[in-house]
Amino acid sequence: MRIMQASGECFPYSKTGGLADMVGALSKALAAKGNEVQLVTPLYRGILEKYPDIRPLEWDLDLSLGDRTVSGSVYYLEPLKNLTIYFIDQPDFFHRPGIYGEKSEDYSDNAERYMFFSKAVVNLARYLPQPPDILHAHDWQAGMVPVYVQHEHFRGGWHPAPKTCFTIHNLAYQGNFPSTAFELANLPGDYFSPHGVEFYGQLSFLKSALVFADHLTTVSPRYAREILTEEYACGMAGVLQARAKQLTGILNGVDYEDWNTTSNPHLDYPYDAAHLDGKDRQKKKLLKQMGLPSNRKAPLLGVVGRLVDQKGGDLLLPALHATLDLGYQFVLLGSGMPHYEEGFQRLAKDYPKQVAVQIGYDNALAHKIEAASDFFLMPSKFEPCGLNQLYSLKYGTIPVVRAVGGLDDSVVGLEEDPASADGIKFSEYGVTALESAIRKAVEVYQDTVLFNQLRQNGMAKDFSWERTSEEYMTFYQGLLNPQRQ
Ligand code: ADP
Ligand code: GLC
């Protein structure tokens, strides 16, 4: 099969969160299974300098954006057999300090930037000498891709057009813009209707994909069910319910080539389930690096993530305040909403021996925190999949999670099944519930046998993409041969 992936970010070239990890790893795994994979992503600032093997493709992009024609070009890289990455170059749009914005503010021309990107993807899909069978777009940044495929297929003579699939990584990010942005689409006016790309008077990139993609997937089975309810649908419940039969939840996998503890350039001491001393040493080293005293009796609780409402910062701060007298230590790496950044920095000032906080983005430190921590906290309000808990399990770091979305699908809580448990779960979205879960973690740490059992259960789990990519392949086959479904 020839599969084109389209994504606003892709690891290791660009990343703000799990979307990049997922798209990079899925593409690699599909290529390893013999599929021909074409991955299209923007050429952000710094990528060319970091990857000198990237080459220009003989390809001019002259794309309409309303009444303007915007030019761009395409670069490509073949990092692996069967995998070609196409980078869309448009310096005015993509050579900037940030990916989607700066200092918590989105760029004001994101509609133009990602309309251009979506049109460039479709241009490649239609005119490359080897066109894809499947066009798989991810999140709102590539949300306009399916509507163009349909439009050019039904009204523009594109035969055979690829089947389209759209993966929802996070319904909270919708790419909604004032109605005037519809001009940038250069589509006939009838598309701007409640049955089309319009959402409460705005142009919605996400809704456009939900309506026009041949099939929708999301990144865990439970999130696929949750988003059919008003509580989790971020206003899209009606649209999603109408497409419920074409909505599939597939749990993300992990790229263990990047996320492993035995040969990882970001870790100072390798370790595995049978040799955990390296993990202890990493903990000591991290505590020192982050300015905390070493204390064998104190469990280390870690957090790495975007500091936004989704991740439960409003529970975490008061729950930590209420439980730090238990004597544990806490490290956090993250960036996001200023009030969370300030809140965690204040906490570190108030508890200098117990709490260390680094604001910013640092991939190497993320690996070190995963490896050094005894527990990893994810009290998310909603979590489409969540990758950090999957990394934690492999790193022997017990996840403490709210039973929601992919967190619920991937972690077995102590209260669910003590024998196979690999984490601690709580259900209610509330400070007291998180406090109890933290207390439970500290209790488990004192019980060496139980602590080790949870850790060993987690480390034995396999969430590799090798397996998960099969699910995508079966799903793609079904899309190409619907009669066999
Ligand atoms: P989301 O995609 O919602 O942010 P995930 O758990 O799926 O959540 O993935 C987050 C990914 O981003 C992980 O690989 C995590 O390590 C990484 N990450 C998040 N914040 C940071 C940060 N400040 N520094 C380094 N890596 C980060
Ligand atoms: C989103 C979600 C996260 C998921 C990631 C990759 O950013 O918030 O839960 O793991 O996408 O699919």
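Basis of the calculations
Residues numbered from 1 in each chain as written. Chains lettered and ligands numbered in written order. Predicted model: local features only at pLDDT ≥ 70, side-chain atom pairs only at ≥ 80, totals over all residues. Heavy atoms only, no water. Domains from an automatic or database assignment. Buried area = accessible area lost by both parts, 1.4 Å probe. Salt bridge = Lys/Arg side-chain N within 4 Å of Asp/Glu carboxyl O. Polar contact = N/O pair within 3.5 Å; in protein donor to acceptor, adjacent residues only side chain to side chain. Helix = DSSP H or I, 4+ residues; strand = E, 2+ residues; numbered from the N terminus. Buried < 20%, exposed > 50% of the residue type's maximum accessible area, 1.4 Å probe, protein only. Near = heavy atom within 4 Å. Areas by Shrake-Rupley, 256 points an atom, 1.4 Å probe, with all protein chains shown as cover. Nonpolar A, V, L, I, M, F, W, Y, C, P; charged D, E, K, R; others polar. Pairing = 2+ DSSP bridges. Right-handed = clockwise from strand over helix to strand, strands pointing away. Core = buried A, V, L, I, M, F, W, Y, C linked by side-chain atoms within 4.5 Å. Contact = heavy atoms within 4.5 Å. Axes fitted to C-alpha atoms, helices over the stretch in contact; angles between N-to-C directions. Expected span 1.5 Å × (residues − 1). Phe/Tyr/Trp six-rings, centres within 6.5 Å; stacked < 30°, edge-to-face > 60°. Lys NZ or Arg CZ within 6 Å of the ring centre and 35° of its normal.

A. Region of interest: the domain arrangement of the protein chain. Assigned domains of the protein chain: these are domain 1 (2–253 + 466–484) and domain 2 (277–462). Across the domain 1/domain 2 interface, buried area totals approximately 1,700 Å², and carbon plus sulfur atoms make up 53% of it. Inspection of the domain 1/domain 2 interface yields one salt bridge. Measuring nitrogen to oxygen at the nearest pair gives 2.7 Å for the salt bridge that ties D408 to R222. At the boundary of domain 1 and domain 2, one finds eleven residue pairs in polar contact (both at pLDDT 80 or more). Broken down by secondary-structure element, the contributors of at least two residues to the side of domain 1 that touches domain 2 are α1 (18–32) and α7 (221–226). Examining the composition of the side of domain 1 that touches domain 2, we find that four residues originate from one element, α7, more than from any other.

B. Structural detail: the environment of V74. Mapped onto the secondary structure, V74 falls in strand β4 (residues 68–80). A relative accessible area of 0% means that V74 is categorised as buried. Separated by 290 residues in the primary sequence, V74 and A364 place their C-alpha atoms 30 Å from one another.

C. Fine view of the site of ligand 2. The full set close to ligand 2 counts 13 residues, and H169, N252, E383, C385 and G386 are the nearest of them. When isolated, ligand 2 has an accessible area of 310 Å², and the protein chains bury 94% of it. Here the shell around ligand 2 spans two domains, and each of domain 1 (2–253 + 466–484) and domain 2 (277–462) adds at least three residues to it.

D. Just the site of ligand 1, in detail. Not every one of the 22 residues close to ligand 1 is listed here, only the nearest: K15, G18, R306, K311 and G360. A distance of 2.7 Å is found between an oxygen atom of ligand 1 and a side-chain nitrogen or oxygen belonging to K311. One of the backbone nitrogen or oxygen atoms of G360 is found 2.8 Å away from a nitrogen atom of ligand 1. Every element with two or more residues in the shell around ligand 1 is listed here: α1, β15 (300–307), β16 (329–336), α12 (363–372) and α13 (388–394). The dominant element in the shell around ligand 1, judged by the number of residues it contributes, is β15, at three residues. In the shell around ligand 1, the residues fall into seven nonpolar, nine polar and six charged.

E. Representation of the pairing of β16 within the structure. Burial runs high along β16: six of the eight residues are buried. Two elements, β15 and β16, share eight bridges in a ladder whose sense is parallel. For L301, the partnering residue across the bridge sits in β16 and is F330. On the question of chirality, the crossover connecting β15 to the parallel β16 by way of helix α10 (residues 313–323) is right-handed.

F. Spotlight on the nonpolar core. Ranked by size, the top nonpolar core spans 133 residues in total, and within it I88, L171 and L210 carry the most contacts. If you tally residues by element for this core, the top one is helix α4 (residues 110–127), at ten residues. Composition of this core by domain shows at least three residues from each of domain 1 (2–253 + 466–484) and domain 2 (277–462). If we ignore the near neighbours within four places in the chain, the residues touching L210 are F166, I168, L171, L216, M236, V239, L240 and R243.

G. Structural context of the sheet that holds strand β10 (residues 176–177). In spatial order, the strands read β10-β12-β11; together these three strands make up an open sheet with antiparallel pairing. Since the sheet does not close on itself, it has two edges, and those belong to β10 and β11 (198–199), each with one partner. Summarising the sheet, β10 and strand β12 (residues 202–204) pair through two bridges and their orientation is antiparallel. In the sheet register, F177 faces β12, and the bridge partner there is L203. Along the sheet face, helix α6 (residues 205–212) touches β10, β11 and β12 and points at about 60° away from the line of β12.

H. Region of the structure containing helix α15 (residues 431–446). The end-to-end C-alpha distance of α15, which contains 16 residues, comes to 23 Å, matching closely the 22 Å that a straight helix rising 1.5 Å per residue would cover. Turning to α15, its buried residues are A433, L434, E435, A437, I438, A441, V442, V444 and Y445.

I. A look at the packing of aromatic side chains. In total, this model carries 23 aromatic pairs according to the counting rule given. Residues F177 and F205 carry aromatic rings whose centres are separated by 5.3 Å and whose planes lie at 65° to one another, so their mutual orientation is edge-to-face. With a gap of 28 residues between them, F177 in strand β10 and F205 in helix α6 connect regions that are remote in the sequence. The rings of Y44, F93, F94, Y100, Y114, F116, F117, W140, F177 and F205 are connected pair by pair, giving a single aromatic cluster. Across the ring face of Y107, the terminal group of R96 is positioned such that the distance to the ring centre comes to 4.7 Å. Above the plane of the ring of Y256 lies K394, whose end atom (NZ or CZ) is 4.9 Å from the centre.

J. Up close: the sheet that holds strand β9 (residues 163–168). Ordered by their spatial adjacency, nine strands build an open sheet running β3-β4-β5-β2-β1-β8-β9-β13-β14, and the pairing between neighbours is mixed. The strands lining the two open edges of the sheet, one partner per strand, are β3 (55–65) and β14 (247–249). Within this sheet the neighbouring strands show an average axis-to-axis angle of 25°, counted without direction. Bridge count between β3 and β4: eight bridges; the pairing is antiparallel. Counted as the bridge partner of R55 is Y76 from β4. Strand contacts of helix α17 (residues 465–480): β1 (2–6), β8 (134–138), β9, β13 (215–218) and β14, with the helix running at about 140° to β9, the strand carrying the most contacts.

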